[in-house]
Amino acid sequence: MSSQPFSVHFGDTTYRVFIPPTPPASRASGSSWGSPPLIPHTPFIRPIPLPESPRTPFKPMSSPRTSTTTAIHIHPFLSTSPDGRCAKLWWDLKQPMETARLFGEDAKWHPLSRAQLSAAATHPPRSELTLRVPGYPWAVTVSPRAPTACVTVLDVLYHIHRNLHKGVRVDEGRTGTRALRASVRRAYTARVDAVVDAKAREAEKRKGMRRIDYLLGKDVFDGLRLERGEGEAWTLEMRASSSSSEGMW
């Protein structure tokens, strides 16, 4: 049985509607079950175009705020031990950084290898470190010497030695109390007198006071320690040693 289309009006729009004919009911052969009841056909109507709603950018559901602070650790070669003493590295800062020695698993002291010197000084790596020494007027800024992405163990040793061995300007030598200036001069005299070779001792004397003299005899490397609090504040620990053999325990 055929069906004729007819018109339906929605507002100002006219739609053509067609209702398909309903097929006659039938029983499947060889089955005691009849055909399921037929559901009347719903008229087929073309979709009504709806006005587009303004698009809004998708905003994901905000997650709980988490701390972005990452714990930072200094390389074991450069760190202080729990008792406040540098357990791995011995270095008399009056001497060149090549004289630094590492305590090995064989209970002997060894020069640092190239691989050990090129290791990152911190984890995660940093592109710059600022070190401060208690009682020392200058900060030690450590940055990569080579075009690398981070500060290495070698960079730390190099910049510490370079900073401590800078000469003291006249205006810098006039700062501080009279007692401090006297103590710095005594440290300078003791450092020069410790030079064994006479010619080298005289040459060192002519160079005048250096920043290392402001350490007042505490010129043995004792490790780096991260201060607690906001930001990254590194303290360079130093200790006194009457001789190289004592410094190496």
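Higher on the page you've got the structure.
A brief structural summary. For clarity, every value in this text was computed on a predicted model and none was experimentally measured. (Residues numbered from 1 in each chain as written. Predicted model: local features only at pLDDT ≥ 70, side-chain atom pairs only at ≥ 80, totals over all residues. Heavy atoms only, no water.)

Remarks on the overall build of the protein
In step 1: Each helix and strand counted, the protein has six helices and 11 strands in total.
In step 2: Looking at the protein as a whole, 29% of its 249 residues qualify as buried.
In step 3: Accessible surface computed for the protein: about 17600 Å², of which carbon and sulfur atoms make up 56%. (Helix = DSSP H or I, 4+ residues; strand = E, 2+ residues; numbered from the N terminus. Buried < 20%, exposed > 50% of the residue type's maximum accessible area, 1.4 Å probe, protein only. Areas by Shrake-Rupley, 256 points an atom, 1.4 Å probe, with all protein chains shown as cover.)

Description of helix α5 (residues 198–206)
In step 1: Of the residues flanking the start of α5, the one acting as N-cap is D197, its side-chain oxygen 3.2 Å from the backbone nitrogen of K199.
In step 2: Downstream of α5 by a residue or two, G208 has a phi angle that is positive, lying close to 80°. (Polar contact = N/O pair within 3.5 Å; in protein donor to acceptor, adjacent residues only side chain to side chain.)

A look at the packing of aromatic side chains
In step 1: Applying the stated rule across the entire model yields four aromatic pairs.
In step 2: Relative to W138, the ring of Y136 lies with its centre 5.1 Å away and its plane at 65°, an arrangement referred to as edge-to-face.
In step 3: Looking at Y136, the relative accessible area reads 7%, which means it is buried.
In step 4: For W138, a relative accessible area of 14% translates into the label buried. (Phe/Tyr/Trp six-rings, centres within 6.5 Å; stacked < 30°, edge-to-face > 60°.)

Remarks on the pattern of salt bridges
In step 1: On inspection of all chains with the given rule, the structure shows 12 salt bridges.
In step 2: Of the charged contacts in the structure, one is a salt bridge between R239 and D222, with a shortest N-O distance of 3.5 Å. Taken together, the residues R239 in strand β11 (residues 234–239) and D222 in strand β10 (residues 220–226) connect sequence positions 17 residues apart.
In step 3: Between E237 and R225 there is a salt bridge whose closest N-O contact spans 2.1 Å. With E237 in strand β11 and R225 in strand β10, this pair connects stretches of sequence that are 12 residues apart.
In step 4: Residue E237 is classed as buried on the basis of its relative accessible area, which comes to 18%.
In step 5: Connected through shared salt-bridge partners, R191, E204, K207, R210 and D213 make up one network. (Salt bridge = Lys/Arg side-chain N within 4 Å of Asp/Glu carboxyl O.)

Observations regarding helix α4 (residues 178–193)
In step 1: Its 16 residues give α4 an end-to-end C-alpha distance of 23 Å, which sits within 8% of 22 Å, the value for a rise of 1.5 Å per residue.
In step 2: Contact partners of the buried residues in α4: α5. (Expected span 1.5 Å × (residues − 1). Contact = heavy atoms within 4.5 Å.)

Focus: the packing of α4 against α5
In step 1: Where α4 contacts α5, the two axes come as close as 9 Å, and the packing angle between them is 155°. In this view, α4 runs roughly antiparallel relative to α5, as classed from their interaxial angle. Residues Y188, R191, V192 and D193 of α4 touch α5, and the partners they reach there are R201, E204 and K205.
In step 2: Residues belonging to the contact of α4 with α5 are distributed by class as follows: two nonpolar, no polar and five charged. (Axes fitted to C-alpha atoms, helices over the stretch in contact; angles between N-to-C directions. Parallel < 35°, antiparallel > 145°, perpendicular 65-115°, else oblique. Nonpolar A, V, L, I, M, F, W, Y, C, P; charged D, E, K, R; others polar.)

A closer look at the environment of R162
In step 1: Looking at the element boundaries, R162 is found in helix α2 (residues 153–164).
In step 2: The spacing of R162 and R211 is 49 residues in sequence and 9.9 Å in space, taken between C-alpha atoms.

With respect to unusual backbone geometry
Negative phi is the rule for most residues except glycine; trans is the rule for most peptide bonds.
In step 1: Backbone torsion omega between H123 and P124 reads -5°, so that peptide bond is classified as cis.
In step 2: Structurally, the position occupied by P124 is in the loop between β7 (122–123) and β8 (129–132).
In step 3: Positive phi is not limited to glycine here, since A107 has a value of about 60°.
In step 4: Its location among the elements puts A107 in the loop between β5 (101–103) and β6 (109–111).
In step 5: The class for A107 is exposed, based on a relative accessible area of 51%.

A look at the sheet that holds β10
Sheet strands pair by backbone hydrogen bonding; their relative direction is either parallel or antiparallel.
In step 1: Strand order in the open sheet formed by four strands is β9-β8-β11-β10, with mixed pairing between adjacent strands. The outermost strands of the open sheet, each flanked by one partner alone, are β9 (140–142) and β10. Going from strand to strand, the sheet's axes swing by 30° on average, the running direction of each strand aside.
In step 2: Of the strand pairs in this sheet, β10 and β11 are connected by five bridges, and their pairing is antiparallel. Across the sheet, L226 pairs through a bridge with W234, a residue of β11.
In step 3: Its contacts with the sheet put α2 on β8, β9, β10 and β11, and the angle it makes with β9 is roughly 150°. (Pairing = 2+ DSSP bridges.)

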